[in-house]
Amino acid sequence: MLKNIFHLSFSNSIVLITNVLNISLLSRHLTISEYGTFRQTFLPIDFLVPIVGLGVSQAIYFLLPKSDSKDKTIVNALFLVLIPSFLVFIIMNLGLSKLLSYFFNNQILIITFFWAFFMLIFQTPMQSLISVLIYEGKTKYVSIISSSISFLFTGLTFLLIYFNGELLEFIILKSLYPFILFVFYVIIVLGIYKINFKLIFSLISRKQMVYILSISWPLAIASVLNIISMQVDKLIVSYTSSPDIFAIYANGAIEVPFIAVITGAISSVIVSKMSREVKDNNMDRAYLYFKSAATNSALILFPIMIFFLMYSREFMTILYSEKYIESYIPFSIYLFFLPIRIVVFGSAFIAVGKGGLIVSRALIELLLNIILSLTLYYFIGIWGIAISSVLVVYLWSVPYNIFKISELYGISISHMFEYNKLFKIMMCALILAPSLFIVKYLTSILILNFILSAIIYFGLVLLLYYFFRIVDIKDIKNWGI
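Rules behind the numbers
All residue numbers refer to positions counted from 1 along the written sequence of the respective chain. A pLDDT threshold of at least 70 governs which residues receive local features in this predicted model, and a stricter bar of 80 or more applies before side-chain atom pairs are shown or counted, although totals over entire chains, interfaces and linings include all residues. Only hydrogens and water are removed before side-chain values are computed, so all heavy atoms of the structure are retained for them. Helical segments are the DSSP runs of H or I of at least four residues, strand segments are the runs of E of at least two, and each set is numbered from the N terminus. Only protein chains enter the calculation, and the probe is 1.4 Å; a residue is then buried if its accessible area is under 20% of its type maximum, exposed if over 50%, and partly exposed in between. Any two residues whose heavy atoms approach within 4.5 Å are treated as being in contact. Throughout, the Shrake-Rupley method with a 1.4 Å probe supplies accessible areas, and for residues the shown protein chains are the sole cover considered. Each aromatic pair joins two rings of Phe, Tyr and Trp (for Trp, the six-membered one) with centres within 6.5 Å, and gets the label stacked for planes under 30 degrees apart, edge-to-face for over 60, and tilted for any other angle. The score called pLDDT rates the predictor's confidence residue by residue, from a low of 0 to a high of 100. One side-chain nitrogen of Lys or Arg within 4 Å of one carboxyl oxygen of Asp or Glu is enough to make a salt bridge. For helices, the axis comes from a line fit to the C-alpha atoms of the stretch in contact; other axes are also lines fit to C-alpha atoms, and the angle between any two N-to-C directions lies between 0 and 180 degrees. Angle categories: roughly parallel below 35 degrees, roughly antiparallel above 145, roughly perpendicular from 65 to 115, and oblique for all the rest. With the far helix as reference, a near helix turned anticlockwise by less than a right angle produces a left-handed crossing, and one turned clockwise produces a right-handed crossing. All amino acids are sorted into three groups, where Ala, Val, Leu, Ile, Met, Phe, Trp, Tyr, Cys and Pro are nonpolar, Asp, Glu, Lys and Arg are charged, and the leftover types, Gly among them, are polar. Patch membership needs two things, relative accessible area over 30% and no salt bridge, and members are linked within 9 Å if like-charged or within 5 Å if nonpolar (Val, Leu, Ile, Met, Phe, Trp, Tyr). Each residue after the first adds 1.5 Å to the expected span of a helix. What we call the bend at a residue is the angle made by axes fitted to the seven residues finishing there and the seven residues starting there.

Asks: Which residues make up the overall build of the protein chain, and what values do they have?
Replies: Secondary structure assignment for the protein chain yields 21 helices and zero strands. Here the protein chain holds 481 residues, and 55% of them are scored as buried. Here the analysis covers contacts within the protein chain between residues at least 6 apart in sequence; of these, 83% occur between residues at least 24 apart. Accessible area of the protein chain: about 21,900 Å², with a carbon and sulfur share of 69%.

Now the structure itself:
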């Protein structure tokens, strides 16, 4: 399991590093207004991917263990997401994209949206193919392909900047990325299941698609509601502000880049493992995966939160340049998501086929977020919108998740996590926080200071983990990485 997590973490890290590098380069090469347009171009895709994806990429972990004809399941799952993807592409280009550009107060989007919706066609089936490869334990393929293609596209970005490329060229380049990945993953999956390309259409079954949809729709609705809830702040800022202000807010209203790598890789592998154990009625063992994943994630996420709280200004400056220094405000607020990111609650619901519970949670979360966002925006301004997103998750989503998971797995809330160990991990991170004040003055070169501070701080954190017996060297060696 840890080898699979490592492969996914490695590939996701490479993809993330290249994405961050691309964004960093674009924020310097483009004007603030152009960069804001670039970010706005792909904002609707965040909402549309879970809608047209229909929750299929998550449902695959539940469907394949129960399927007698896996090739048929995979083919129908792909066509199930390809059909709405094409429909959305057509509808948007018939006039809806024009309405969106008016909503965002940016007429340039009428042109750029075409490429964003082209990207959507391949983004959703690509995610389903990745889920298939993860289920089959082929994470090494995912790692090699995604890393290689990411490096290739970063090189092309450098090349475009060298030749003084324009906004539309960068948008077209980004939209082609999922298409290339889709082609590679299709070839591999067809090979694994020995699916004859000529006979693919003979495997399509309306009955099979309906069955897949009956399993996946709660996950799709939950994903849509969750995305809207997490992105509603950007929608409000985009509607009420200029592309320049949106660019500054959007740059900072992110979680620390590598968090998605850690939680995403762990979630993908854990869901697969938990689903297998649930199928064999090993509920205790299934929850053990969930519980241990939370503790192991905390070892990384807790100190990351403290470090970036201390270095939020510097990080935003390094990442985007002095033009976007104000982005540190929403970034600092978003850092408070980290303590709850040690748990991917959705994996516990998906493993037992209770995706419907995620829907009710996400719906109420969305409504609360909209109400509180508008309220705090009125009293505080755009930073109040970011605060709202964090408050709703802590006051509603977390308590709901804990209570429901306790019921499903028959585990009392007091035994749900390794609370003692989590407390010790947070204390180790906090105890060393004052040392960062001293380290900040090691050198006046910003990026060098940032790197040295990170090495010293995380090195000391690791020593404290070992001193308080939170981790053991043998455990690290046994990861088999």
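Asks: Lay out the packing of aromatic side chains in plain terms, naming residues and giving numbers.
Replies: Tallying each qualifying case throughout the model produces 31 aromatic pairs. Judged by centre distance (5.3 Å) and plane angle (75°), the ring pair of Tyr334 and Phe337 falls under edge-to-face. With a relative accessible area of 3%, Tyr334 lands in the buried category. You can call Phe337 buried: its relative accessible area is 0%. Pairing Tyr457 with Phe458 gives two aromatic rings, centres 5.2 Å apart and planes at 75°, and the pair type is edge-to-face. Residue Tyr457 is classed as buried on the basis of its relative accessible area of 1%. Taken together, the ring pairs connect Phe307, Phe308, Tyr311, Phe315, Phe331, Phe450, Tyr457 and Phe458 into an aromatic cluster.

Asks: Go over the confidence of the model for the protein chain with me, naming the residues and quoting the values.
Replies: Mean pLDDT over the protein chain: 80, with 87% of residues reaching 70 or higher. Least confident of the elements in the protein chain is helix α21 (residues 473-477), whose mean pLDDT is 52; most confident is helix α14 (residues 328-334), at 91. Counted against residues more than four places away or in other chains, residues 476-481, with its pLDDT under 50, gives four contacts.

Asks: Before we move on, could you go through unusual backbone geometry and cite the residues and values that matter?
Replies: The phi dihedral of Ser321 falls on the positive side, at around 90°, and the residue is not glycine. In this structure, Ser321 sits in the loop between α13 (312-320) and α14. For Ser321, a relative accessible area of 13% gives the class buried. A positive phi angle, close to 60°, is found at Arg469, a residue other than glycine. Its place among the elements puts Arg469 in the loop between α20 (446-467) and α21. The class of Arg469 is exposed, set by a relative accessible area of 77%.

Asks: Break down the pattern of salt bridges for me, with residues and values.
Replies: With the rule as written, the count across this model stands at one salt bridge. Between Glu407 and Lys404 there is a salt bridge whose closest N-O contact spans 3.9 Å. Of this pair, Glu407 and Lys404 both sit in helix α17 (residues 382-409), separated by three residues, roughly a single helical turn.

Asks: Which residues make up the packing of helix α3 (residues 56-63) against helix α5 (residues 109-135), and what are the values?
Replies: Here α3 crosses α5 at 25°, and the two axes come no closer than 8 Å. In terms of orientation, α3 and α5 fall into the roughly parallel class. Of the two elements, α3 crosses α5, and the hand of that crossing is right-handed. Facing α3, whose interface residues are Val56, Ser57, Ile60 and Tyr61, α5 presents Gln127, Ser128, Ser131, Val132, Ile134 and Tyr135. For the contact of α3 with α5, a count of residues per class yields six nonpolar, four polar and no charged.

Asks: Now, about a nonpolar patch on the surface: what can you tell me, with residues and values included?
Replies: A surface patch of nonpolar side chains, about 860 Å² in accessible area, is lined by Leu442, Ile445, Ile447, Leu448, Ile451, Leu452, Ile455, Ile456, Leu460 and Leu463. Along the chain, Leu463 turns up in helix α20. The class for Leu463 is exposed, based on a relative accessible area of 56%.

Asks: Which residues make up α5, and what values do they have?
Replies: Working note: α-helix, 3.6 residues per turn, so residues spaced by three or four point in the same direction. Over its 27 residues, α5 extends 38 Å from the first C-alpha to the last, a length consistent with the 39 Å expected when each residue adds 1.5 Å. Along its length, α5 reaches its greatest deviation from straightness, about 25°, at Ile121, and the proline Pro125 lies no more than four positions downstream. A large share of α5 lies buried, amounting to 21 of its 27 residues. Once α5 ends, the next one or two residues include Gly137, with phi positive near 75°.

Asks: Talk me through the packing of helix α2 (residues 32-53) against helix α7 (residues 167-192); I want residue IDs and the actual numbers.
Replies: For the pair α2 and α7, interaxial distance at closest approach is 10 Å and the crossing angle is 30°. One element, α2, and the other, α7, form an angle in the roughly parallel class. Of the two elements, α2 crosses α7, and the hand of that crossing is right-handed. The segment α2 lies against α7, with Glu34, Thr37, Phe38, Thr41 and Phe42 engaging Leu167, Phe170, Ile171 and Lys174. In terms of residue class, the contact of α2 with α7 is made up of five nonpolar, two polar and two charged.

Asks: Can you lay out α3 for me, pointing to particular residues and giving the numbers?
Replies: Burial of α3 is extensive: seven of the eight residues sit out of reach of the surface. All of the buried residues in α3 are Val56, Ser57, Ala59, Ile60, Tyr61, Phe62 and Leu63.

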